[in-house]
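Reading the structure
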Amino acid sequence: MYDKNNVFYKILQSEIPAKKVFENDVAIAFYDINPMCKIHVLVVSKGLYRNFEEFVRLSSAEETKKFFETVSQVAEEVLGLGKSGYRILTNTGHDAGQEVEHFHVHILGGERL
Ligand code: AMP
C-alpha cells in the first residue's frame, strides 16, 4: 500500500520546499537535494505509485506517455536538447536502494558520467 508519509508526497502537498524546475498535471520536477553529478533533477509522479512497477501497472496509457514526455521535456529544459546527453534511472525496491517510496525518475547530466 502507498504510504503518504514520504518526503515526495510532502513536496507535492507543498508541506516542504523544493527547488522546482517544472510542473504539470502528471509530474513535478525539482533538483535533488544530494546531487550525484553536476545536474541532478528528479521527476516525481503526481499519481500515488510506490515505484516504477506500480506506475506501469496502474497508470493509464495517457498518464504513462505524458509522464515520460515530461521527463524528456525537463531534460531538454535543464540540459539543452541535443547537447552532451544525459542518463535517466529509476530505483525500484530494496535491492536498487530505493530511498523514497514514491515513483520518480532521476535525470543525471551536465558532465561526463
Ligand atoms: P531513490 O533512491 O531513487 O529513492 O532516490 C531518492 C532521492 O531523493 C535521493 O537522490 C535523495 O537525495 C533525494 N531526496 C531526498 N529528499 C529530498 C528533498 N527533500 N528534496 C530533494 N531531493 C530529495
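Up top is the structure.
Our subject in this report is the structure included herewith. (Residues numbered from 1 in each chain as written. Predicted model: local features only at pLDDT ≥ 70, side-chain atom pairs only at ≥ 80, totals over all residues. Heavy atoms only, no water.)

**What about unusual backbone geometry?**
Excluding glycine, most residues fall at negative phi; most peptide bonds, likewise, are trans. The condition that has to hold: Put simply, DSSP H or I for four residues or longer makes a helix, DSSP E for two residues or longer makes a strand, and each gets a number counted from the N terminus.
In the Ramachandran plot, serine 14 falls in the positive-phi region, its phi being about 60° despite a non-glycine side chain. Looking at where serine 14 falls in the secondary structure, it is placed in the loop between helix H1 (7-12) and strand S1 (20-23).

**Considerations on the side chain of threonine 70**
Selection rule: By the criterion applied in these results, polar contacts are pairs of N or O atoms within 3.5 Å in which, for protein atoms, one can donate a hydrogen and the other can accept it, and in which residues neighboring in sequence qualify only through two side-chain atoms.
Structurally, threonine 70 is set in helix H3 (residues 61-79). At 3.0 Å, the side chain of threonine 70 and the side chain of asparagine 24 are in polar contact.

**Comments concerning the site of the ligand**
Put simply, the test is: Residues are counted as near a molecule or strand when any one of their heavy atoms sits within 4 Å of it. Residues are grouped as follows: nonpolar covers Ala, Val, Leu, Ile, Met, Phe, Trp, Tyr, Cys and Pro; charged covers Asp, Glu, Lys and Arg; every other residue, Gly included, is treated as polar.
Around the ligand, 16 residues are found, and the nearest of them are Asp32, Glu99, Val100, His104 and His106. The backbone of valine 100 places a nitrogen or oxygen atom 2.9 Å from an oxygen atom of the ligand. Elements with a minimum of two residues in the shell around the ligand: H1, strand S2 (27-31) and strand S5 (104-109). Among the elements that make up the shell around the ligand, the one with the highest residue count is H1 (3 residues). Taken together, the residues of the shell around the ligand break down into 8 nonpolar, 6 polar and 2 charged.

**Points about the sheet that holds S5**
For clarity, the threshold we go by: Two strands pair under a simple rule: DSSP has to find at least two bridges between them. Axis definition: a line fitted to C-alpha atoms, limited for helices to the stretch in contact. Angles are taken between N-to-C directions and run from 0 to 180 degrees. The contact rule is simple, with two residues in contact once any of their heavy atoms fall within 4.5 Å.
Strand order in the open sheet formed by 5 strands is S1-S2-S3-S5-S4, and the pairing between neighbours is antiparallel. Because the sheet does not close on itself, it has two edges, and the strands there are S1 and strand S4 (86-89). Averaged over all neighbouring strand pairs, the angle between strand axes comes to 20°, with direction disregarded. Relative to S5, S4 is paired through 4 bridges, and the arrangement is antiparallel. Paired with arginine 87 across the two strands is leucine 108, which belongs to S5. Where H3 meets the sheet, its contacts fall on S1, S2, strand S3 (39-45), S4 and S5, and the angle it forms with S3 comes to roughly 160°.

As far as function goes, none of this settles anything; it's purely spatial.
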